[in-house]
Amino acid sequence: MEKIVSLCKRRGFIFQSSEIYGGINGFWDYGPLGAELKRNIKDLWWSDMIRQRDDVVGLEATIIMSPQIWKASGHVDTFADLMVECPVTNKRYRADQIEPQSGKVYSFTGAQWKTHHAPESWGPIGQPFSVLVRKGEHSEKAKKVAKEYYLRRFAAGVRYPDESLPPALAGVDLASGGGVPVWKPGDPPLEIELLGESISDVADSTLFSPDSGARLNKPRPFNLMFKTFIGASEPAEEAYLRPETAQAIFAQFKNVLETSRQKIPFGIAQVGKAFRNEVTPRNFTFRSREFEQMELEFFIKPDEVVEAICGKVASVAEAFGVPPSGGPEPAKAGTPNPQPSTLNPQPNWGWEAWHKYWVAERIAFYEGIGLPRTTLVEYWQKPEELAHYARATVDILYKFPFSKRDEKGELTGEELEGVAARGDFDLSQHERFSGKPMGVFDEELRAAWGKLDEAKKAGLSKRYHDARLKYLTKMGVEQAKAEKEAKEDADGLAKGQYIPHVIEPSAGVDRLILALICNAYSEVTETDDKGKTETRVMLKFHPRVAPIKVAVLPLLKNKPELVRKAQEVRDLLRPWMNVFYDDGGSIGRRYARQDEAGTPFCVTIDFDTLGEKPELKDTVTMRYRDDGKQERLAIGELLNWLLPNIR
Ligand code: GAP
């Protein structure tokens, strides 16, 4: 990763934000090559998800929206990470990201101090504290860290935890410091004596600070949304920077439905900035505080509706042609995915088939832009990992160099994208909070319902009713009201009404960029004629994502005929792709510079182009990045040759 981070800076892919002011943690800027790479990725996603399909439309919503949206979505109340803090360094960590540590724990029951004001008076601090000393560390560390801790407690005027006052201090006026003058930073040092030392062994504990070894404070939730204020009035209206792009799609669902002539099933997609005040931004751009998402909300009919219309919901096996008997269980971890080329969405697909379809589509997208299947992992969240509203979630992981390794030493991968089956949770929440109906009317359902026998109607109504009731009671709606609403919802089926369910493939642009750079990074060692070896870096980007598609290089810059011809070639290609014109330095150095930028093709204009060998007039040398091979191509064919190779 160090090499990649340094290459990113050296070649202008990614810079630290505000670097001249010392940087700002969790924020990154994209330089000239990074900006092109990012644009390509977003364009490819947009094309794949929207332009190449009939059933998905786009949206571009604002970053700041009504705070009510974040109440309804649950972000205000629950979008929090459990955070722990080191009481010595004040560094904060995500509780789930503390690596297990082993070693000896030095525990103290408290400490006593001597102040410069009253050297003869020692006072106790009745606060137990412990420090982990890892293998290879000196035991003195424990005392140093513990003294620092008690000093801080004393300096902060917190001498006794309310709950654990030593009996000897009963009745002492603690508010005034128990008679001990308060030490302030800048005063002469305090003398601290540690009390009640004991030592024990600990294995795989996540209770201690990874840096100081101090026992961490109790975990507490930390909401990740950035707050801001709207308008000049006092008190100003509080709002949030959006922590995901998805909620705007739900909030605008009805407007899009009514204006786009789409019918369920269809999707709404959006690309844009999201902001999360991550407790511990880390791994370069992988976990940032400002990042971009590419999200699709694909709205589908609830299974009861599919069943009413089609008579039966296709099992995954039926939907994708996997033999039903002896085949793997549908929609479970490890089920082989259908190949996107064979996928042909059908009206009888229920949520399981749609979910699998989108997992397969998304993996195919990543493969199509150069991430080999072997670098990707399809991780099915376990039931205990699922969000309460999710029926199934597949995380698509990429094996980043910083990913953890399993017992066999294999990289386990980190999340690039989540594909979640979210039921009707989001639209239902916005319906309840906004008071605006989020359901749809489906003529096909209304017509089909009339033809069902009574038993079927009752069965489907009951299933729909029970699902709605479960949701409403889980969200705290009072029982009688929940019963009434669930009944109304179920009665709606007969009138062709329902709230759509949703499948959500949600990807991060920045993580994908990092994955593409990690995947493209390679080093080549070459020996020249004089036997000198040199190792240089090459970024083997797929031509579809490469920031520069083709470099146009006149052999010599001081030959006006060569320069003129090269500029003609550049201008011929420029309207169609990102072209880089370079006439500086030896041709070998120019090729090497392009290899490092990840440019797949270099076109050289030489004397043969000008007609030195008449049969080669108006041809150029096409040089391929990955194997360095070269061939002659006619300028007239260049565009037709390049276009299919970069798209
Ligand atoms: N609407 C669902 C949602 O936002 P998520 O798993 O929280 O789901 C989706 O985020 C994707 O956004 C992730 O898979 C990841 O690629 C990207 N992402 C999330 N937090 C990020 C962060 N702090 N930095 C960079 N990318 C992030």
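Residues numbered from 1 in each chain as written. Predicted model: local features only at pLDDT ≥ 70, side-chain atom pairs only at ≥ 80, totals over all residues. Heavy atoms only, no water.

Here we look at the overall build of the chain
Across its full length, the chain holds 18 helices and 29 strands. Sorting the 647 residues of the chain into buried and exposed places 49% on the buried side. Residue pairs at least 24 apart in sequence account for 68% of intrachain contacts in the chain once pairs closer than 6 positions are excluded. Accessible area for the chain stands at about 31,600 Å²; split by element, carbon and sulfur atoms hold 52% of it. (Helix = DSSP H or I, 4+ residues; strand = E, 2+ residues; numbered from the N terminus. Buried < 20%, exposed > 50% of the residue type's maximum accessible area, 1.4 Å probe, protein only. Contact = heavy atoms within 4.5 Å. Areas by Shrake-Rupley, 256 points an atom, 1.4 Å probe, with all protein chains shown as cover.)

What about the sheet that holds strand 9 (residues 129-134)?
On the basis of which strands lie adjacent, the open sheet formed by 3 strands has the order 9-6-11 and antiparallel pairing. The open sheet has two edge strands with one neighbour each: strand 9 and strand 11 (198-205). Pairwise comparison of adjacent strand axes, ignoring direction, gives a mean angle of 35° for this sheet. Here strand 6 (residues 101-108) runs beside strand 11; their pairing, made up of 6 bridges, is antiparallel. The partner of Tyr106 across the bridge, within strand 11, is Ile199. (Pairing = 2+ DSSP bridges. Axes fitted to C-alpha atoms, helices over the stretch in contact; angles between N-to-C directions.)

Considering the packing of aromatic side chains
Counted by the stated rule, this structure contains 27 aromatic pairs. Note on Phe286 and Phe400: the rings are 5.3 Å apart at their centroids and 75° apart in plane angle, and the pair reads as edge-to-face. Of this pair, Phe286 sits in the loop between strand 15 (266-275) and strand 16 (290-300) while Phe400 sits in the loop between strand 18 (392-398) and strand 19 (414-423); the two residues are 114 residues apart in sequence, bridging distant segments of the chain. For the pair shown, Phe286 and Phe400 are each scored as buried. Relative to Trp641, the ring of Tyr624 has its centre 5.9 Å away and its plane inclined at 50°; by these criteria the two rings are tilted. Here Trp641 lies in helix 18 (residues 635-646) and Tyr624 lies in strand 28 (residues 619-624), a separation of 17 residues in the sequence. (Phe/Tyr/Trp six-rings, centres within 6.5 Å; stacked < 30°, edge-to-face > 60°.)

Description of the site of the ligand
Near the ligand, the surroundings consist of 19 residues, among which Glu244, Arg276, Glu295, Glu415 and Leu416 are the closest. Between the ligand and Glu244 there is a distance of 2.7 Å, counted from a nitrogen atom to a side-chain nitrogen or oxygen. Taking Glu295, its side chain carries an N or O atom lying 2.6 Å from a nitrogen atom of the ligand. About the coverage of the ligand: the protein hides 89% of its 550 Å² of free accessible area. (Near = heavy atom within 4 Å. Polar contact = N/O pair within 3.5 Å; in protein donor to acceptor, adjacent residues only side chain to side chain.)

Here we look at the layout of surface pockets
Size it by volume and the second largest pocket reaches roughly 740 Å³. Forming the walls of the second largest pocket are 26 residues, and the residues nearest its centre are Arg39, Asn40, Lys42, Asp43 and Leu44. Listing elements by their share of the lining of the second largest pocket, those giving two or more residues are helix 2 (32-51) and strand 15. Per-element accounting of the lining of the second largest pocket gives the leading share, 12 residues, to helix 2. (1 Å grid on protein atoms, 1.4 Å probe; cavity = no way out; pocket = protein on both sides within 12 Å on 5 of 7 lines; lining within 4 Å. Points joined across faces, edges and corners; volume = space filled by probe spheres on them.)

Quick word on the pairing of strand 16
Most of strand 16 sits inside the fold, with 10 of its 11 residues counted as buried. Here strand 15 pairs with strand 16 via 10 bridges, running antiparallel. Bridging across to strand 16, Phe266 finds its partner in Phe299. Bridge count between strand 16 and strand 22 (residues 501-508): 6 bridges; the pairing is antiparallel. Residue pairing for strand 22: Ile300 is matched across the bridge by His501.

Some points on the pattern of salt bridges
Scanning all chains against the criterion turns up 51 salt bridges. The shortest N-O distance in the salt bridge between Arg94 and Asp81 comes to 3.5 Å. With Arg94 in strand 5 (residues 92-94) and Asp81 in strand 4 (residues 80-85), this residue pair connects regions lying 13 residues apart in the sequence. The burial state of Arg94 is the same as that of Asp81; both residues are buried. With a closest N to O distance of 2.9 Å, Lys565 and Asp618 form a salt bridge. Of this pair, Lys565 sits in helix 16 (residues 560-573) while Asp618 is found in the loop between strand 27 (601-605) and strand 28, placing the two residues 53 residues apart along the sequence. (Salt bridge = Lys/Arg side-chain N within 4 Å of Asp/Glu carboxyl O.)

Quick notes on the environment of Phe253
Considering the arrangement of structural elements, one finds Phe253 in helix 7 (residues 253-260). Given the relative accessible area of 0%, Phe253 is considered buried. Spatially, the C-alpha atoms of Phe253 and Leu427 are 8.3 Å apart, while their sequence positions differ by 174 residues. Not counting residues within four places of it along the chain, the set of residues in contact with Phe253 comprises Ile264, Phe266, Ile268, Phe299, Leu427, Met438, Val440 and Pro500.

Quick word on helix 7
For helix 7, the complete set of buried residues consists of Phe253, Val256 and Leu257. Relative to the axis of helix 7, the buried residues are bounded by an arc of 100° and lie together on one face. Along helix 7, the residues that are exposed and aim more than 90 degrees away from the buried face are Glu258 and Thr259. Where the residues of helix 7 are buried, they touch strand 3 (56-59), helix 6 (246-251), strand 15, strand 16, helix 11 (425-434) and strand 20 (440-441). Backbone geometry just downstream of helix 7 places Arg261 in the positive-phi region, at approximately 55°. (Arc of directions from axis to C-beta.)

Thoughts on the packing of helix 16 against helix 18
Look at helix 16 against helix 18: their axes get within 10 Å of each other, and the N-to-C directions meet at 35°. As for the relative orientation of helix 16 and helix 18, their crossing is right-handed in sense. Residues Lys565, Val569, Leu572 and Leu573 of helix 16 touch helix 18, and the partners they reach there are Ile635, Leu638, Leu639 and Leu642. Looking at the contact of helix 16 with helix 18 residue by residue, the class counts come to 7 nonpolar, no polar and 1 charged. (Left-handed = near helix turned anticlockwise from the far one by under 90°. Nonpolar A, V, L, I, M, F, W, Y, C, P; charged D, E, K, R; others polar.)

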